[in-house]
Structures are given as structure tokens and as C-alpha cells.
Number of protein chains: 2
Amino acid sequence: VTTVLLPTAGLRERLAPHLPGRDLRVWAAGSGERMPWPADLVVLPYMAPPSALRALEGWRGLAQLQTLGYDGIAEHLPPGVSCCNAVGVHEASTAELALALILAMQRGIDGAVRSAAAGRWEHRRRPGLAGSRVLLIGVGGVGREIARCLDPFDAELTLVGRTARGAVKATAELPRLLPEADIVVVAVPLDTATRGLVDAAFLTAMRPGALLVNVSRGPVVDTEALVAAVRQGKVRAALDVTDPEPLPPDHPLWTLPDVLVTPHLGGDTDAMDARIDRIVIEQVRRLESCRPPLHLVAGGGR
Amino acid sequence: VTTVLLPTAGLRERLAPHLPGRDLRVWAAGSGERMPWPADLVVLPYMAPPSALRALEGWRGLAQLQTLGYDGIAEHLPPGVSCCNAVGVHEASTAELALALILAMQRGIDGAVRSAAAGRWEHRRRPGLAGSRVLLIGVGGVGREIARCLDPFDAELTLVGRTARGAVKATAELPRLLPEADIVVVAVPLDTATRGLVDAAFLTAMRPGALLVNVSRGPVVDTEALVAAVRQGKVRAALDVTDPEPLPPDHPLWTLPDVLVTPHLGGDTDAMDARIDRIVIEQVRRLESCRPPLHLVAGGGR
């Protein structure tokens, strides 16, 4: 009988009707509790640090992430363990949040919330999104979803990928593209090529007053360079991810005007549950029929 | 020669190259300054109160509003003056703001701004927009734009108009429709039929925790009933318009949790200028060729 370790009782309850006859147990890697062997599939806690994988040491099997990002996973994966990411679970929610951040900053929602606390009705013109030039860096699942959500808002969209193909420009063209954009959205995975992509030179190349939106991973942006650029009034920023994360209480990003920080809300909506359920069910069926798992990103047969 | 009175020097400067040979003067109705006759067309200040029309007393001609809404205009229009509203100027911006408000409330942007002020990283799951049921009341220009902007977000949209036609439900069906909606967006003109539309009974019929979004006019919502419903934790609200407006500094709506108030930002973006210019230029051409003006809403030949 297939044994699946699930990080929460809620997930176990949701999956039980779909996986009758299997042994579904609750265990969260990284909780400090010992892993209850045997197990065929381990679903990791949502947004667990990669170091949680150390709890799988000595076991052989398949680990399923609940995130799309898998930075740091290969480095922490014990030998004999394969790992899959959660493709198709968070793309739409993250794009929805990217639009929420863009619209909030272009229409002054952040300022309105601050003014409301002081009971101040402060009407002033805002730039808006219509007619603005958006540079979207990242053409993976999240990037494509953001492009789709931007469509009705009549912005001028330019896409940037690792390499140029069709209408997609290459990262190497950024120095030429950045000065033309009113809004720059970063939606790339974190890896050696993207770590520190948004550095002092990147920020200097941006248009004065332009908006930087980061919905990927914190270390894609050089935090110190960003703080300096915002302090100089050079750029505005909306960040769902930060470096460090969580941001410590006294960090300057919390209180700089023209900065909006959300606490890594990207993928975490009510829409997530059904999509995670679907992946786990599919992985169990594939294990049972000896088919390769979906979305293998580290270890195993890769 | 055609004489046009414009409320700001900026508007005069923008229009001058497009209207050579005409007499373009700066005068703002409601400023207290006497109207400098003669004039063929008067453009009113953006968001001037309808009482500003009193300054046209004794004159005969065409007055151009810079707003789409024209509530109170007919009541204040002096005899002999016709009045046109600004169709096509604000619909896209207002829809953009409606999406900004919906996404902000569904994804916790308002809460994040409040937490940031205290340096608090407070991650929690949010409902999101995808999969939610949206009831959109109003199928005029703004309503149609909101529907278009909602399209990529995979919400279940129900449209409500004065009367049923095709997929559009009638206002009379609201008691049945309200309990099913997660988000209720009001985008109707203010008139005798819509004043106080969102009253205690309307709010009671809404789903517990549902979101009310008002981007039309403040008096469409009974403010006292809304404050009571929010205090009871019955509904959440995002309001770009209020009654009274501006909201006084000590008003409870400013500080109630689950309420987001923006200071009537709906139509006021950088995209507005070019659209207003286009209308004024067209009205001048129509006056000069004795064609009826565009978008006549009160007085004159109507």
C-alpha cells in the first residue's frame, strides 16, 4: 500500500476521499519530529526552507514541493531523494498579486491607506497603468500569466527572456530597454544568473520615478542598492519578496515612501488548495503505475 | 471667431495648437470671478460642484463637463445653457481603479501597508480574485470596461442592469443574487433610482465577509448602514466615492478595519488629458459647423 506523508491534517482530510486505500499520514519535514518510515511520497510544508529536506536523510523516495521556486533544493537534497516542484499551482495567484501591486502603486492605493489612518482626503492625479510602458522580465509560467492579466489594461508590454526569440528580447538588451520603461516587473526563478540581477547599474538605468515590481525571489534584487535608489527618489518599488525574508522590524524598506512591501503573498490564496491536491493525486498514481513523476527538478533520474 | 472658456491655463496650452484662430481664454466657473462674455463654449473645472453652473446665469451657450457623472446638473443649469458630459474620458481609468480596489482587498494590500508602518511581516492566506463570484451592478461604459478588465482573472461574473436582457440580470433580482456573490461592484450613475441602492436590506442580503466596491457616486450607498454592517463584521468595503465627500477627518470609515477609502481617484490619471482635449476639439468643430454637440445630457435641444 502506498504511504504518503502530508505536512498538515487539512491536506490529509482533503486528499483522503481522492486516495482511498492509501496510507495517508501527517508529518511535516523540518518540524523536528522524526520521519515515520516507510513512505513512498513526502509532501513538504508550504514555503519550508530547503534545509527542511535534511529530515529526509537516509530515506529513498520522492519529495513534492508546494512551491514553484526550487532555489536551494538541489544543494540540500539528500542522496536517493528526488524532488518535484509545484508547476501550475501558483502562477495565476502570483500574476494576480503582480497586478495588485502594479495597480496599487500606479493608482496610489498605498498612499490612500496611509492617509486614511490620519483621516486625510488627499486627492491628486496618479499616472495609471493605461498607456504606460511595462518591461516584463521572465517568460516562464508566471511571466506568461502576468502578460495575460495585463492585456486589457492597454499598457505597452515588452517581454524579456534569457535569450531573444520572436518578440521576446534578451536579458543582454536590458541596458537599452530599462530607460524606456515606466514599470519593470521581475518574474524569474532565482539561480546563479538572476541572483543580484537588479543591482545598482540596473536601478541607475531605470527611468526616474519608474516602478520596480518583484514577485520572484528576494535575492534577485540587491536590497542595499534598492534602498539607496529609493532614498534618492530614483525609483519606486513594490516587493512581495525581500532579502532578507522576513524583513526585520527595523528594516528601512518598511517605511520608505514609494515602497510597498507585502509578506510573500504571491501564491497563497484559496485557489491554491485544489491545485496542490491535483498534483499530489497525480504523483501517487504515477508512483503506483511506475511512471516518472511530474515536474522533477532535482535528484533521482534527472 | 469661436470663443472658448477653459478652466486652466494647462488645458488652454494643450488645446491651442489644435484650435488655431479661436479665442481660447482661461476662466473657471465657480472661482468667484465673473464670466468674461462673450463665449460660445465653456469647459467646466474637473469635479466642480454642480452649483458652479450658477456662474453661467444669463448666458446662452454650451457647457462641457469633464466628468461622466452629471447628477445635480439639470437642477443647477441656468435657462438657455446646454450641458454635455465627458463620455469616453474616464471609463477606462475608473475600471482600472475598480480592479485596483478589488485586487487590493482580495490580496491584503491594505493590511500590508498598515503592517508595514509597524514593521510587521504578517503572512496569511488571502481569498484572491480567481474563482470568486463577482456581481457587477451597472452595464454602462464603466461597467463594460470593468467586465473587460476582469476577464483574465477567472472570476465568475454576473452582470446586473436596470432591466434584464440577454445575460444581464435585472436590479429586481438583486435579493436573489446578492447572497451568492463574494464581490459586489457598483458602477451605476447617481439618479433617483440608484440613490441609496446599497441600503441596510442590500447589505444584509450580502454574503458574510463579501466585498462591496463603489466606484460610482457616494450617495448610491447609505453610509450609515454601511458603517453598521462593517462594524458587525458583515461586509468589507472599498470606496472611491463617499457620502459626504470629502469624508471629514473624524469619520468612522477612515479607520474601520476591512474598509479601504480612496479620495475619488476614479478618472484622474495621466490618460485623462488627451481624452478631454479630443472632446473639446470635437465640440468646437460641431459648434462651428452647426452640428449638434456630442453627449448632450441637460438643457438645450434635449
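The structure contained in this document is the topic of the report that follows.

About the criteria used
- Residues numbered from 1 in each chain as written.
- Chains lettered and ligands numbered in written order.
- Predicted model: local features only at pLDDT ≥ 70, side-chain atom pairs only at ≥ 80, totals over all residues.
- Heavy atoms only, no water.
- Core = buried A, V, L, I, M, F, W, Y, C linked by side-chain atoms within 4.5 Å.
- Buried < 20%, exposed > 50% of the residue type's maximum accessible area, 1.4 Å probe, protein only.
- Contact = heavy atoms within 4.5 Å.
- Pairing = 2+ DSSP bridges.
- Helix = DSSP H or I, 4+ residues; strand = E, 2+ residues; numbered from the N terminus.
- Axes fitted to C-alpha atoms, helices over the stretch in contact; angles between N-to-C directions.
- Parallel < 35°, antiparallel > 145°, perpendicular 65-115°, else oblique.
- Left-handed = near helix turned anticlockwise from the far one by under 90°.
- Nonpolar A, V, L, I, M, F, W, Y, C, P; charged D, E, K, R; others polar.
- Buried area = accessible area lost by both parts, 1.4 Å probe.
- Salt bridge = Lys/Arg side-chain N within 4 Å of Asp/Glu carboxyl O.
- Polar contact = N/O pair within 3.5 Å; in protein donor to acceptor, adjacent residues only side chain to side chain.

Turning our eyes to something else, we now look at the nonpolar core. Generally speaking, a soluble globular protein has its nonpolar side chains buried in company with each other. Judged by nonpolar contacts, the single largest core of 60 residues is most densely connected at Leu 99 and Ile 146 of chain A together with Leu 99 and Ile 146 of chain B. Filtering out sequence-adjacent residues up to four positions away, Ile 146 of chain A remains in contact with Ala 95, Ala 98, Leu 99, Leu 136, Val 185, Ala 187 and Val 215 of chain A. With 36 residues, the next largest nonpolar core counts Phe 202, Leu 203, Ala 229 and Val 235 of chain A among its residues.

Now for the sheet that holds strand β5 (residues 81-84) of chain A. Residue and element names in this part refer to chain A. Ordered in space as β2-β1-β3-β4-β5-β13, the 6 strands form an open sheet in which the pairing is mixed. The sheet terminates laterally at β2 (23-26) and β13 (296-298), the two strands that pair on one side only. Pairwise comparison of adjacent strand axes, ignoring direction, gives a mean angle of 30° for this sheet. Of the strand pairs in this sheet, strand β1 (residues 3-6) and β2 are connected by 4 bridges, and their pairing is parallel. Each bridged residue has a counterpart across the sheet, and for Leu 5 the counterpart in β2 is Arg 25. Contacts between helix α9 (residues 272-288) and the sheet are confined to β1, β3 (41-43), β4 (61-64) and β5, with β3 contributing the most and set at about 170° to the helix.

Residue and element names in this part refer to chain A. Here helix α3 (residues 91-107) crosses helix α5 (residues 141-150) at 50°, and the two axes come no closer than 8 Å. On the basis of the axis angle, α3 is oblique to α5. In this structure, α3 crosses over α5, and the sense of that crossing is right-handed. Taken together, the residues of α5 that come into contact with α3 (itself represented by Glu 91, Ala 92, Thr 94, Ala 95, Ala 98, Leu 99 and Ile 102) are Gly 141, Val 142, Glu 145, Ile 146, Cys 149 and Leu 150. When the residues that make up the contact of α3 with α5 are grouped by side-chain class, the tally is 9 nonpolar, 2 polar and 2 charged.

With that settled, the discussion passes to the interface of chain B and chain A. Between chain B and chain A, the contact holds 55 residues from the first and 55 residues from the second. Where chain B abuts chain A, roughly 4800 Å² becomes buried across the two surfaces, and 62% of that area is made up of carbon and sulfur atoms. For the chain B face of the interface with chain A, the top three residues by lost area are Arg 107, Trp 121 and Arg 125 of chain B, together amounting to 19%. Our enumeration of links across chain B and chain A arrives at 8 salt bridges.

This part covers the environment of Leu 265 of chain A. Positionally, Leu 265 of chain A belongs in the loop between β12 (259-261) and α9. Taking relative accessible area as the criterion, Leu 265 of chain A reaches 2% and is therefore assigned buried. For the pair formed by Leu 265 of chain A and Val 184 of chain A, sequence separation is 81 residues and the distance between their alpha carbons is 19 Å. With near-sequence residues (within four places) excluded, Leu 265 of chain A lies in contact with Leu 97 and Asp 240 of chain A together with Arg 107, His 123 and Arg 124 of chain B.

Another point: the side chain of Thr 269 of chain B. As for its placement among the helices and strands, Thr 269 of chain B is situated in the loop between β12 (259-261) and α9 (272-288). Among the polar contacts made by the side chain of Thr 269 of chain B, one reaches the side chain of Ser 93 of chain B at a distance of 3.0 Å. If we ignore the near neighbours within four places in the chain, the residues touching Thr 269 of chain B are Arg 107, Arg 125, Arg 126, Pro 127 and Gly 128 of chain A together with Ser 93 of chain B.

Attention shifts here to the sheet that holds strand β6 (residues 133-137) of chain B. Strands in a sheet are paired, the pairing made by backbone hydrogen bonds, and the direction either parallel or antiparallel. Residues and elements named next belong to chain B. One open sheet holds the 7 strands; their spatial order is β8-β7-β6-β9-β10-β11-β12, and the pairing between them is parallel. What marks the edges here is a single partner per strand, and that holds for β8 (169-170) and β12. Note that strand β11 (residues 235-239) and β12 share 3 bridges and pair parallel. The residue bridging Leu 239 from the neighbouring strand is Val 261, located in β12. Against the sheet, helix α5 (residues 141-150) makes contact with β6, β7 (156-161) and β9 (183-186), and its axis sits at roughly 160° relative to β6, the strand it touches most.

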